[in-house]
Amino acid sequence: MRRAFWALSLYALTMASQVSAQTTAFYYGRVIPRELTVAYDQIVVEPGHPHDLAALAKTRAVPVAYLSLGEVSPDKLNGTDPAWHLNKNQAWASTVMDLSHPGYRNWVVEQYEKLWSAGYRRFFFDTLDSYQLGTSDPKQREQLRRALCGLITSLAARHPDARFLLNRGFELMPDVSKHVHGVVAESLFDRWDGSKNAYVRVPEADRTWLLGKLREVRDRYKLPVIVIDYRPTAEREQARATAQKIRDLGFQPWVCNYGLNDLGVGAVEILPRRVLIVTDRPDAGAQVGPARSLAPVLEYLGYVPEYRAVTEQLPEHELSAHYAGIVSVLPAGFQAKGFEAWLGKQIEAGVRVAMFGGLGFAADSKLAKELGIQPLPAAKPGEGKPGPVTLTTRDAAVGFEAEPPLHGPEGIAVRLSGEGVKSHLSLRTGSGAEVTAIATTRFGGVALSHVFAMRGLAGESAWVLDPFVFLQSALRLPAMPAPDVTTESGRRVALLAVDAQGLSDYARMRGRPRIARVLETEVLARFPWPHALRIADDASEADRASAQSLLHERTRALYTAELVTGSSASLWPQPSLTGIQPLWAANDPASIPLPVADDLRFIGPLTEAYPLRRVIETFELTDQPRRLRPVALHYHAFALSSPGGLSALLQVYAWLKAQNVLPVRVDEYRSRVDSFREQVVLRALDGSYELIGGAALRTVRVPAAWGAPDVAQSAGIAFTSEAVSGARYVTFSASGPRRVRFSAAVHGEEDV
């Protein structure tokens, strides 16, 4: 008996420790964010939404079904009998039910069984105190309390493997604690007042009473306690402070908005990395113009661009839990049906928006007025002689690569005013109108005109606006460890690729060697780094034979690979970051090009390859003052056909060697880009960060101002670079947890 008792006690302790160790999130929105499913052990969800439980079963998180026992919401009331109704809960417009009525109890069992059949095995029982609103008679209250205890006991008996979380229900604990796996309580410090439609602070007396109950649950019943407090989505710092106070009391926190449909601050805080770019054209529309130029900026900041056309179906669910912000890139004067209502809904939900080009809705619309946008009247013909355009406001965010051109607004002239508006560039037109071109606002920002300037003879453009500063400010993007594909162990990543075209030709050199022999002896023998060899479908038989021979002789230096040719333009002679392409194609995320264009973009129509040395300037411009891209050298074999071409390439190779680059295979680079999109960045309440998923990408970039990592408080760090150009690179081990903490970290909205 003693041995059996010891085994049973050990089992109970083990189960209790597993329950207490589990982290819990709450999300009642329609589409569960993927980040929650990898960051938390269980998620309380609204089962009325069509969640894919089969897909959830493949993630870390176990879904917990919300089930109200004491009240029925208006949308479900038609399925109940009026004889079961006791009272109204005016604060939530719900109906208090008679828990002692057999008909209602059977109805609850039916709801429970439907959820079980759907695949739910964990349940969150709510409205457990509502029976007290049904009657003021003490005897009737006790009768209802006993009925509720009996109902919970009967539900537990139907499925012994089920696990229950209770929302409060302190009066029930003496009778049902053996069936309970955790207790949840709302509003310890911050709460939502439905009668006032406002977030308010909890009075001290209420907090003292609740705190005593929670400590009793924890200490007497040995159950984990989760506290839900409510703060607006925009009040992130306050939410963190509340979560820390809850954590300091020994409870698990979840601080979120009153709708429970944002990413709350819990055991960890998820930092959303996706940014929705809305354009006017489907597919290829995001691969040209401003949208294409914005993607590399977001990627450098550690964010993942996702593209949608405003002419297509935009996401109907709330986006505050899914995206760090929205960027609209629309032509001036363009308007799309339904866009104004959709955008207004997202702004109201707390999603920040940066608008480039046009608004996407009328400048005199209701939304425009709410956002502080005022259209300016156009000058009438013959109404005075127009004067010159002058700049009236300009700050450090303007003049990034080029000076603002002195011409009128590029679209509809508007002025922004009101609380939170900060003008970065405004101008006075020839007719005297004061026009806002670029500004950050309480809802995000607008960059409606003078964002780019024309430069060069072929219509090249350059940034007038500093896109890094603007996007961080407009979207309030927090500084964080930014996943980075450019660097590993402090060394800049390099990709090397050769197209087989011309391998079998004779080089115009002494002895007339085949180009394949030149490649082997002059390049691969001297620089035995991994080179991708592309054999095109239309390659000649002679080139194919030469390629196969090289592959056989240089197995360590050469491997075959399908390549997506880079389209990033040469940044010479008019350097601009607008020439950098995104990490993947907007209309095909699986299409991951080399980060720099091939030799033909540098050589142009010339028959000689000596201009290829200009690629070094592109490498340098994408390294300082920010390392935006890895090195990529992609050339055709015929570039080695002349002494000038060979000399140019050897200069490039010598530069790469001097830079101590880290050559990697193309497939390894693609895996890192895939991991860049996949990784989830978490922030703990102690200020440390953890990265989950995307194992192939091991490096993050942090502001140099954060100092070196605290290795004793971190995990998995393999290498930390010195501060370079205001940044520091931290590389993790290939396996194991990845956590980093900085003793001098200043967590704010600053350049990464």
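Just so it is clear, the model here is predicted, and its values are computed rather than measured.

Student: What is the right way to look at the overall build of the protein in this model?
Tutor: When helices and strands are counted, the protein shows 19 helices and 39 strands. In terms of overall dimensions, the protein has a C-alpha envelope of 105 × 85 × 45 Å along the principal axes. Per-residue burial for the protein yields a buried fraction of 55% across its 752 residues. Considering only residue pairs separated by 6 or more positions, the protein has 69% of its internal contacts joining residues 24 or more positions apart. Looking at the protein as shown, the accessible area adds up to about 32,500 Å², and 52% of this sits on carbon and sulfur atoms. The average position of the 83 basic charges and that of the 80 acidic charges among the side chains of the protein differ by 3 Å.

Student: Honestly, the packing of helix H4 (residues 102–118) against helix H6 (residues 138–158) in this entry has me stumped. Any pointers?
Tutor: Each pair of packed helices can be described by the angle between their axes along with the distance between the axes. The contact between H4 and H6 brings their axes to 11 Å, and the two run at 35 degrees. Where H4 crosses over H6, the two elements pack in a sense that is right-handed. Packed against H4, whose contacting residues are Arg105, Val108, Val109, Tyr112 and Glu113, the element H6 presents Ala147, Gly150, Leu151, Leu155 and Arg158 at the interface. Its residues assigned to classes, the contact of H4 with H6 shows six nonpolar, one polar and three charged.

Student: Teacher, can you tell me more about the packing of aromatic side chains here?
Tutor: Here a ring pair, both rings aromatic, is described through the centre-centre distance and the interplanar angle of the planes. Tallied over the full model, the rule gives 28 aromatic pairs. Ring geometry for phenylalanine 452 against tryptophan 463: centres 4.4 Å apart, planes inclined by 40 degrees, an arrangement best described as tilted. Of this pair, phenylalanine 452 sits in strand E25 (residues 452–454) while tryptophan 463 sits in strand E26 (residues 461–463), and the two are 11 residues apart along the sequence. Measuring from centroid to centroid gives 5.6 Å for tyrosine 689 and tryptophan 706, while their planes differ by 10 degrees, and the two rings are stacked. With tyrosine 689 in strand E35 (residues 689–692) and tryptophan 706 in the loop between strand E36 (699–703) and strand E37 (717–720), the pair connects residues that are 17 residues apart, well separated along the chain. For the pair formed by tyrosine 689 and tryptophan 706, the shared burial category is buried. Taken together, the ring pairs in this structure connect Tyr112, Trp116, Phe123, Phe125 and Phe164 into an aromatic cluster. Between the NZ or CZ atom of arginine 121 and the centre of the ring of tryptophan 116, over which it lies, the distance is 3.8 Å. Seen from the ring of tyrosine 300, arginine 701 lies directly overhead, with NZ or CZ sitting 3.7 Å from the centre.

Student: Sorry if this is basic, but what is going on with the pairing of strand E17 (residues 325–330) here?
Tutor: Successive residues of a regular strand alternate their side chains across the two faces of the sheet. Burial analysis of E17 places six of its six residues in the buried class, the great majority of the element. Sheet analysis places strand E15 (residues 274–279) next to E17, joined by five bridges and oriented parallel. Across the sheet, leucine 276 pairs through a bridge with isoleucine 326, a residue of E17. In terms of strand pairing, E17 meets strand E18 (residues 353–357) through five bridges, oriented parallel. Within E18, the residue paired with valine 329 across the bridge is phenylalanine 356. Viewed along the sheet, the connection from E17 through helix H11 (residues 339–348) into E18 turns out right-handed.

Student: I'm lost on the sheet that holds strand E7 (residues 122–126) in this one. Help?
Tutor: Taken in spatial order, the eight strands of this open sheet run E1-E2-E3-E7-E8-E9-E12-E13, and their pairing is parallel. Single-partner strands in this sheet number two, and they are strand E1 (24–27) and strand E13 (252–256). The average undirected angle you get between the axes of adjacent strands in this sheet is 25 degrees. In this fold H4 packs onto strand E3 (62–68), E7 and strand E8 (163–167), with an angle of close to 165 degrees to the strand it touches most, E3. Sitting on the sheet, H6 is in contact with E7 and E8, with an inclination near 160 degrees to E8.

Student: Explain the sheet that holds strand E5 (residues 85–89) to me, please; I cannot follow it from the model alone.
Tutor: Across a sheet, paired strands are connected by hydrogen bonds in the backbone, their directions being either parallel or antiparallel. Spatial strand order, E4-E6-E5: three strands in an open sheet with antiparallel pairing. Edge strands, defined here as strands with exactly one partner in the open sheet, are strand E4 (71–72) and E5. Sheet topology places E5 next to strand E6 (residues 94–97); four bridges connect them, and they run antiparallel. Within E6, the position partnered with asparagine 87 by the bridge is valine 96.

Student: Could you clarify how one ought to interpret helix H9 (residues 236–248) in this entry?
Tutor: Owing to its 3.6 residues per turn, the α-helix aligns residues three or four sequence positions apart on the same side. Here H9 is 13 residues long and its end C-alpha atoms lie 18 Å apart, about the 18 Å a rise of 1.5 Å per residue gives. Every buried residue of H9 is listed here: Arg236, Ala239, Arg240, Thr242, Ala243 and Ile246. For H9, the arc enclosing every buried residue in end-on projection is 165 degrees, short of the 170-degree limit, so these residues lie on one face. Along its buried surface, H9 packs onto strand E10 (190–193), strand E12 (225–230), E13, strand E14 (268–271) and strand E34 (680–684). Phi turns positive, to about 95 degrees, at glycine 250, one or two residues after H9.

Student: What am I meant to see in the pattern of salt bridges here?
Tutor: Side-chain pairs of opposite charge can arise where the charged atoms are in close proximity. Enumeration according to the criterion identifies 32 salt bridges in this entry. Among the ionic pairs, arginine 146 bridges to glutamate 142, the shortest N-O distance being 2.9 Å. Residue arginine 146 and its partner glutamate 142 are both found in helix H6; the two are separated by four residues, about one turn of the helix. A relative accessible area of 55% places arginine 146 in the exposed class. Across the pair glutamate 488 and arginine 672 runs a salt bridge whose closest N-O atoms are separated by 3.0 Å. Here arginine 672 lies in helix H19 (residues 666–678) and glutamate 488 lies in strand E28 (residues 487–488), a separation of 184 residues in the sequence. Across the pair, arginine 672 and glutamate 488 agree in class, each one buried. Here the salt bridges share partners, and the residues they tie into one network are Glu142, Arg145, Arg146 and Asp175.

Student: Would you mind going over helix H14 (residues 515–524) with me for this structure?
Tutor: Counting buried residues in H14 gives seven out of 10 residues, a clear majority hidden from the surface. Three or more residues of H14 are buried, namely Ile515, Ala516, Val518, Leu519, Glu520, Val523 and Leu524. On its buried face, H14 is in contact with strand E29 (491–499), strand E30 (531–534), helix H15 (541–553), strand E31 (558–560), strand E32 (631–636) and helix H18 (643–658).

Student: Could you clarify how one ought to interpret unusual backbone geometry in this entry?
Tutor: With the exception of glycine, the majority of residues adopt a negative phi angle, and the majority of peptide bonds are in the trans configuration. Note the cis peptide between glutamine 624 and proline 625, where omega equals 0 degrees. Residue placement: proline 625 occurs in the loop between helix H17 (615–621) and E32. Although it is not a glycine, serine 187 adopts a positive phi angle of roughly 70 degrees. Among the secondary structure elements, serine 187 is positioned in the loop between strand E9 (180–186) and E10.

Student: Is there a simple way to explain the confidence of the model for the protein in this structure?
Tutor: Residues with a pLDDT of 70 or more make up 92% of the protein, whose mean pLDDT is 90. A low-confidence stretch, residues 748–752 stays under pLDDT 50, and its non-local contacts, those more than four residues away or across chains, total 23 contacts.

Student: Help me understand the nonpolar core in this model?
Tutor: General note: in soluble globular proteins, nonpolar side chains tend to be found buried as a group. In terms of nonpolar packing, the biggest core is built from 125 residues, with Val327, Phe356, Leu471, Tyr635 and Leu656 touching the most fellow members. For this core, the leading source of residues is H18, giving seven residues. Once you skip the residues sitting within four places of it in the chain, valine 327 turns out to touch Val275, Leu276, Ile277, Val278, Leu294, Ala354, Phe356, Leu471 and Leu475. Counting residues in each nonpolar core, the second largest holds 89 residues, with Leu128, Val176, Val225 and Cys256 among its members.

Student: Mind showing me how you'd approach the environment of aspartate 262 here?
Tutor: Looking at the secondary structure, you find aspartate 262 in the loop between E13 and E14. A relative accessible area of 2% places aspartate 262 in the buried class. Spatially, the C-alpha atoms of aspartate 262 and aspartate 710 are 31 Å apart, while their sequence positions differ by 448 residues. With sequence-adjacent residues up to four places away left out, aspartate 262 is seen in contact with Tyr27, Thr233, Trp254, Cys256, Asn257, Ser320 and Ala321. Among the polar contacts listed, one links the side chain of aspartate 262 to the side chain of threonine 233, at a separation of 2.9 Å.

Criteria and cut-off values
Residues numbered from 1 in each chain as written. Predicted model: local features only at pLDDT ≥ 70, side-chain atom pairs only at ≥ 80, totals over all residues. Heavy atoms only, no water. Helix = DSSP H or I, 4+ residues; strand = E, 2+ residues; numbered from the N terminus. Buried < 20%, exposed > 50% of the residue type's maximum accessible area, 1.4 Å probe, protein only. Contact = heavy atoms within 4.5 Å. Areas by Shrake-Rupley, 256 points an atom, 1.4 Å probe, with all protein chains shown as cover. Lys, Arg positive; Asp, Glu negative; His and termini not counted. Charge placed at Lys NZ, Arg CZ, Asp CG, Glu CD. Axes fitted to C-alpha atoms, helices over the stretch in contact; angles between N-to-C directions. Left-handed = near helix turned anticlockwise from the far one by under 90°. Nonpolar A, V, L, I, M, F, W, Y, C, P; charged D, E, K, R; others polar. Phe/Tyr/Trp six-rings, centres within 6.5 Å; stacked < 30°, edge-to-face > 60°. Lys NZ or Arg CZ within 6 Å of the ring centre and 35° of its normal. Pairing = 2+ DSSP bridges. Right-handed = clockwise from strand over helix to strand, strands pointing away. Expected span 1.5 Å × (residues − 1). Arc of directions from axis to C-beta. Salt bridge = Lys/Arg side-chain N within 4 Å of Asp/Glu carboxyl O. pLDDT = per-residue confidence, 0-100. Core = buried A, V, L, I, M, F, W, Y, C linked by side-chain atoms within 4.5 Å. Polar contact = N/O pair within 3.5 Å; in protein donor to acceptor, adjacent residues only side chain to side chain.

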